[in-house]
4 protein chains.
Amino acid sequence: MNEPLPVAVVGASGYTGAELVRLLLGHPGVRIACVTANKRAGEKLADVFPQFRGLVDLTLEALDAAAVAQRCRVAFLALPYGESGAIAGDLHARGVTVLDLSADLRLHDTLEHQRWYGHDAAQELRAQAVYGLPELHREGLAGATLVAVPGCYPTASLLALAPLVRSGLVSTEGLIIDAKSGVSGAGRNPAPHTHYPEAAEGVRAYGVAGHRHTPEIEQELSEVAGRSVRVTFTPHLLPMSRGMLAVCYGRAAAPAAELRAALLDAYRAERFVEVVDRPPDTSHVRGSNRAHVFATVDERTGQAIAMAAIDNLVKGASGQAVQCMNLALGFEEDEGLRGAGVFP
Amino acid sequence: MNEPLPVAVVGASGYTGAELVRLLLGHPGVRIACVTANKRAGEKLADVFPQFRGLVDLTLEALDAAAVAQRCRVAFLALPYGESGAIAGDLHARGVTVLDLSADLRLHDTLEHQRWYGHDAAQELRAQAVYGLPELHREGLAGATLVAVPGCYPTASLLALAPLVRSGLVSTEGLIIDAKSGVSGAGRNPAPHTHYPEAAEGVRAYGVAGHRHTPEIEQELSEVAGRSVRVTFTPHLLPMSRGMLAVCYGRAAAPAAELRAALLDAYRAERFVEVVDRPPDTSHVRGSNRAHVFATVDERTGQAIAMAAIDNLVKGASGQAVQCMNLALGFEEDEGLRGAGVFP
Amino acid sequence: MNEPLPVAVVGASGYTGAELVRLLLGHPGVRIACVTANKRAGEKLADVFPQFRGLVDLTLEALDAAAVAQRCRVAFLALPYGESGAIAGDLHARGVTVLDLSADLRLHDTLEHQRWYGHDAAQELRAQAVYGLPELHREGLAGATLVAVPGCYPTASLLALAPLVRSGLVSTEGLIIDAKSGVSGAGRNPAPHTHYPEAAEGVRAYGVAGHRHTPEIEQELSEVAGRSVRVTFTPHLLPMSRGMLAVCYGRAAAPAAELRAALLDAYRAERFVEVVDRPPDTSHVRGSNRAHVFATVDERTGQAIAMAAIDNLVKGASGQAVQCMNLALGFEEDEGLRGAGVFP
Amino acid sequence: MNEPLPVAVVGASGYTGAELVRLLLGHPGVRIACVTANKRAGEKLADVFPQFRGLVDLTLEALDAAAVAQRCRVAFLALPYGESGAIAGDLHARGVTVLDLSADLRLHDTLEHQRWYGHDAAQELRAQAVYGLPELHREGLAGATLVAVPGCYPTASLLALAPLVRSGLVSTEGLIIDAKSGVSGAGRNPAPHTHYPEAAEGVRAYGVAGHRHTPEIEQELSEVAGRSVRVTFTPHLLPMSRGMLAVCYGRAAAPAAELRAALLDAYRAERFVEVVDRPPDTSHVRGSNRAHVFATVDERTGQAIAMAAIDNLVKGASGQAVQCMNLALGFEEDEGLRGAGVFP
C-alpha cells in the first residue's frame, strides 16, 4: 500500500470543513496534514468541533498557501465565495490539486458569473476548472487538478432532471424547481433566521426568483439539453439540520414509466444514485453520499415530477468533493464514502 | 348579552376537535355543551387532552344525534371523511346548524366526488352545503345551516391563487401547487410515517399526483376562473407539528407589482389575511386564524409565484370552522379568533 | 366599563416583550400605548414580529422614561438584567406601576445580589419590590406598584417544591433541581449555541453549579422553610422553543400520597396550577399561563421527586407579569390569561 | 487476510437491528449472512430501511435457529426482552457466539430479575453471560461466547459514575440519575407518546421510580462499590431521535479536580470515552460509538455532578455490541467503530 497522500482542509471551522474531516478520516488513501481557519487559528480542531475529541489531534492554522503547498498534495477549499477563487489559483499554481467547494469557479460564462456574483476574482481560472458532478462529468474529472464542486441545490436538481432533459422526456420550457433545504446549508455563523426558535417548527421560502445557485443549474441543464434552458428556482428553509429535497416540474413528453426507465438507465452504473419507487425521504440519505431519485407524471395534467433527496453536506458538498478527488487521483470512486445513511 | 349558544364538538378526541374546543372556550357567544368521541366515550376530555385540565370539565360521550340535537344548536363535525356526511345529514335534519370539517360535503360534482373518494353517502346533502371559505363565499355563509369547511391544503392554495386567477393575472394552464404541511395534518392516530424518529429532521412528498384535496382546489379555481382548471398538486410532510405553506406556480400575465396589487385589493377588507412583502413563514401564524399571502414574478422566466402560510389546524380547519359559524349565525366574524400567532 | 389603562412594554423586540404584547392584546382592561426597543426604534412592531401584522399598528420607540410616564400607567420591563433596575426606579418614581421581568430586583439580600450579579444599580429599589410569584405572595401583590417578576427556572422549581418544603414533607438538605428549558429562554439574539444546527436534536447542561437563578430559588425556599436552604441547580438546554420542566429531588419525610395531598391542598384555589397524576409534559402548557405539578416518592430509595411544567415565556415570564398586574391593579387574576395550551 | 466471519442480525426490522447492519457493513472482519424479522419475513431489508438501497441485498427471513447456526458464527439479537433469552440459549447451544441486546441476560440475581421483569425464561443462561460494558468488563469479554449487552441508560450512567464510586469520591448513599433520551430508544413501533406532534417541542419524565434499567445500574455500581447501592433513576423523553445524557448526583467526598482526575485515570486508555471539560452535548457523539463524560462539584452544596453523553443506538446498543464482539473474537476493539460523530 502506498503512503497516504497529505491533504489540507482549508476553512475547517465550518460545517462543510468538518464534514470533509469526518469523511477523510475514513479514507485510507489520504492523511489530513493541515486544517486552516483564519479566525480560529491556534485552536484545536477538536475544541471547535468536539465530535473529533480523541480522533483528531490537529490545530487550526492561519492559511499560508506556500506552507500548504509544501506539505499537501491536495487541498479542499471550504471557504465563502469571493474568497475562494484567489486561494484556489494560488494553490493550483503551486502544484496542489484543488477541490473548491465555493461558487467561484463553477460558472463557465463570465458575464453570467458577474451578473449573479458581482465580482470576478478568478475569471481565467474558471476556464480550467471541471464542474465536479461526477454523474455528468466523470470523464473530465479523471486526472483533473482543479475542480469546482457543485452546490447542494444544483446537485439535487441536476440528479433529478438531467437524464430527463437529456432524453427529451421533459420539456425545457417552464421548468420549475421547488427545493427544500436543512439549516446547515446556511453555514455555522449564527444569524437571526437560523436562531433555533425562529427556524424550528416553521417553513419559508427565501431567495425567490434570485438565488445564486440558479445559473449553475441552468448551465448544466443547457449543456445536456443542447440549448439554452431557464429554470424558476425556489429554495426553502426547513426545520432540519441536514437534508435537501429538490422537487422539479416540467411538461412530460412521455408517460411515467419512460421517465423512470430513463433514470434507471442513467444511474444503473452509478454507485451513489438510487432510483426509488416512492417519493424519496431525505432522512434515508442523512450522513451519506447517496442520492435517491424518483420521477413520475401527473397524468391528469401532463406534468412530470422529478425528485432527488441528498444530504446537503455530503453529496451536496463534502462527500461530493471527496468523490471528485477519488476520480481525479485514481482512487476507487467510493473510497471513504461507503457508509449508509444514519437513520433515524 | 344573550345566553351563549350551546354547541357540540363531534369527534373531540382528535387534533381538530381539540382545537375547536380551545377556540370555542374563548368565544363569548357559545358554550360547549357536548363533546363526543365514540372510542373514548366516558373519558374526561381533560384526560385525553391535558391542556384542558382545570379549564374544561366535560366528559366525552358516544355520539347520539338525537341527544346532540336536543342539547345543541350548532355542531362541529371533526370526523373522518366517509363517516361525517351521514351524521351531518342527520343533525341537519334535526335542525342543528352543522359545520362539517370533513371532505364529505365539499365537492359539488357527484362524479368528481366518486372518482376521488369512491363512496358517496351524502350526495343530496352536498348540494345544500356552502363551501366554507369566507374569503370566497362570505355571502353564501350568512345564514347558512350546513357548511363544508375546506381542507387545509385548499385553504392555503386558494388564498394564494384565487385573486390572481380571477383577475387573469396568472394563466390557468399549467398551475402547480407545491405544498408543505406539518405532521398534525395527519391526525392523532400514530402511524409509521408520523413516528417521531421517522418524521423528525427529514422531508418527503406524498400523495403525488393523486391527493384528494386536488379536486377541491380545482372546483374553486374553476369557479373564479369561469372555466375548468386543473392543477398539479404535490403535498409534503415536514418536521413540524403545525403549519402549512402553499407555493403556487403559474405563468404570469403581468409584472409582480400587479399581482401584489391584486392580492392587496382582494384582501383589503379581510380580517384574517395579510399581504406580506416577503415570503411568509408559517411560524408567524402558528396558533392563529391568520393567513400571510405573497406573490411575485420571476422576471427571467415569466413564472408567477404565489404563496400562503396558515396554521393547518386553525385557518386550515378549526379556526375557519368557527369563522364560518360566526358568519352563519351573525356573530362578529373574528369573535373567538382574535389571537395573534404564538411565536416563537 | 372603564377606559382601558394605557400600558407600556419596554423592550418589545425580544421574546418576552412580544409575548407581553400577545397577551395584553387579549386583556380588555388595558391598551398598549407604547412599545420601546432602543436598537430598533422607528421600526413597526409588526415588521419585527410579523405575527402582529394586521393586529398591532405600533412603532417601536427609543425609551424615554418621562414620555412613558406621561402616557402610561403601567410599564412592563422586558430588559436585560443590569439595565432594568435603573429604568424601573425612574419609572416608579414617576408614578408608573412597574412590572420588572429582569433579575435586578428579585433578591432581597444585597450581598447575595452582588455575589451573583457583580453589580448593584438598584439596591434601595429592591427593598420595595414584591417578588411576583402570586402563588406565594398574592397578598403582597395587591396594590403593589413595583414587582420583580420571577425567572422561569425559579417559577417552575418553586411551584413544585414550595408546598412540600413548607409542610416539611421534603428535607431541605441536599435538594437537587434538574431543570430543562426550551431555547427561547436564551432570548432572541442569535448565538453559537442557539444556532439551529447546534441546538436541534441534542441536549446539554449549562451553567452547572453556578446559574444565576439559583439564589432566587434559595431565597424563596428559605422563606417558606423558615431556615436557610441551599439547592444544587442544573439547567439544561433542550431542542424545543418553549417549555420548561423542573424535576426536583429531596429526601421524603412521608409517602407519595401525602406529598400529593400537600400539592392539592396548596393549589386547590389556584387558577393556573394543576396537580396532575402523571409526570407532566411541557407540551400541554405551551402558550398558556398554566403550570402542571406532580410529586411522588421512590419508595426504594426514599427520594421525593417533584416536578412542574410551564411555558417559560408565559408562566415563566410574560404571563406571570400580567397575572401580577392583575393582582396589583385589582383585575380578575386570570384576565387576559384564560387560554388553554396550544397543543400540539 | 482471513475470510470474513458470517454473522446474523436477528430482529433486523427495528432501529438497533438497522444500526447493527450499518456498523457491520463497515467492519472488514465480518459479513452479514442473515437478517431476520418474523413479521416482515420475505421483504427486502432495503425496502424496510431505504438507507440500505444499493448497499445491502438481503431479504428478511423468519428466524430459524438451526439455519442461523448453520450459516453464521455470530448472532446479534435485537429482540424485545422476554423473547430474546430463549433464542439466545438455543443459538448459543448450537455453538453460535451470541450478543444479546435485550435485558433478558443482564441481571445476575434471579430474584431481582423476576422482581423487575416478572418472567424468567433464561435463568441458567444468565449465569453464563458476561455483562458487555467493555470499560468495566473487558477481561471477561475476551473469548466470551455469550454477552448481555447493556441498556442505553446503564451505559451512560455507569460511564459517568463507576470511576467515581469505585474510588470513593462520590457517596453511594442518595445517588440520583436524571437521564434524558431520544425517542429512538422507544423503538420503531408507533405509539401515542412517540407520535411526532406529541413528542416534538416538549419534554416529560416517564417510568419514574420504576424504570427497568434501574437494577442493571445498581448491580454494576454495587460491584464496583463493593457494597449494595441503590439509585433513584428518572428517565425523560426528549424531542430528538438519537442521544442520551445521564446527569448523576451524589455527595462529593473530594473537590472537582479529584473527580475529574479519577475520570481521566479511568479512561486514559479507552478508545471510546473522552473526558471533556464542559458539560457534554449529545450532538457531538451522534452516530458514533463515543462517550463524552464530565464531572464537577457544586462547592456551595457539596454535590458531585457527573455526566455522560452517548448515542443511545450506538454506544448505548448496537455499537457497544460490535465492540463486545470485537473483544470476544479478538478483532481490534474499534474495528468498524472508528467513525466520528455526525455533526450537525
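All figures in this text were calculated on a predicted structure; none of them were measured in a lab.

The subject of this paragraph is helix α7 (residues 134–141) of chain C. Residues and elements named next belong to chain C. Among the residues making up α7, those that are buried are Pro134, Glu135, Leu136 and Leu141. Of the surrounding secondary structure, the elements contacted by the buried residues of α7 are β5 (130–131), β6 (146–148), α8 (152–166), α10 (214–225), β11 (273–275) and α12 (314–329). Gly143 sits one or two residues past α7 and shows a positive phi near 75 degrees.

What follows concerns the domain arrangement of chain A. Residue and element names in this part refer to chain A. Domain parsing of chain A yields domain 1 (5–128) and domain 2 (153–313). Here domain 1 and domain 2 have C-alpha centroids that lie 26 Å from each other. Secondary-structure elements contributing two or more residues to the side of domain 1 that touches domain 2 are α1 (15–25) and α5 (110–117). Looking at the side of domain 1 that touches domain 2 residue by residue, the class counts come to five nonpolar, three polar and three charged.

Between chain A and chain B, the residue contacts involve 38 residues of the former and 38 residues of the latter. Elements that contribute at least two residues to the side of chain A that touches chain B include exactly β7 (175–181), α9 (196–199), β8 (204–205), β9 (231–237), β10 (244–251), β12 (291–298) and β13 (303–310) of chain A. The residue makeup of the side of chain A that touches chain B, split by class, is 18 nonpolar, 11 polar and nine charged.

Here we come to the relation of the copies chain C and chain A. The two copies are related by a screw motion: chain C maps onto chain A through a turn of 180 degrees and a shift of 0.0 Å along the axis, at an RMSD of 0.0 Å. Expressed as a symmetry operation, the mapping of one chain copy onto the other fits a two-fold axis. Interface overlap between copies is the fraction of interface residues in one copy that are interface residues in the other; for chain C against chain A it reaches 100%, indicating a shared surface.

Residues and elements named next belong to chain D. Between helix α7 (residues 134–141) and helix α12 (residues 314–329), the least distance of the axes is 9 Å, while the angle of their chain directions is 30 degrees. Of the possible angle classes, the one that applies to α7 and α12 is roughly parallel. Handedness of the α7/α12 crossing: right-handed. Facing Pro134, Arg138 and Leu141 of α7, the residues of α12 in contact are Gln323, Cys324, Leu327 and Ala328.

With that out of the way, let us pick up the confidence of the model for chain A. Summarising the model, chain A shows a mean pLDDT of 97, and 100% of its residues fall at 70 or more. Predicted as a complex, the structure gets a pTM of 0.98 and an ipTM equal to 0.97.

It is worth spelling out the pairing of strand β9 (residues 231–237) of chain D at this point. All names here are of chain D. Most of β9 is tucked away: seven of the seven residues are buried. Burial of β9 is two-sided: the residues Val231, Phe233, Pro235 and Leu237 facing one way and the residues Thr232, Thr234 and His236 facing the other way are all buried. Sheet topology note: the strand β7 (residues 175–181)/β9 ladder contains seven bridges and is parallel. Paired with Ser181 across the bridge in β9 is Leu237. Both strand β8 (residues 204–205) and β9 contribute to a ladder of two bridges, which runs antiparallel. Looking across to β9, one finds that Arg204 is bridged to Leu237.

Scoring rules and cut-offs
- Residues numbered from 1 in each chain as written.
- Chains lettered and ligands numbered in written order.
- Predicted model: local features only at pLDDT ≥ 70, side-chain atom pairs only at ≥ 80, totals over all residues.
- Buried ≥ 20, exposed ≤ 12 C-beta atoms within 10 Å, placed from the backbone.
- Helix = DSSP H or I, 4+ residues; strand = E, 2+ residues; numbered from the N terminus.
- Contact = placed C-beta atoms within 7 Å.
- Domains from an automatic or database assignment.
- Nonpolar A, V, L, I, M, F, W, Y, C, P; charged D, E, K, R; others polar.
- Least-squares fit on C-alpha atoms with pLDDT ≥ 70 in both.
- Axes fitted to C-alpha atoms, helices over the stretch in contact; angles between N-to-C directions.
- Parallel < 35°, antiparallel > 145°, perpendicular 65-115°, else oblique.
- Left-handed = near helix turned anticlockwise from the far one by under 90°.
- pLDDT = per-residue confidence, 0-100.
- Pairing = 2+ DSSP bridges.

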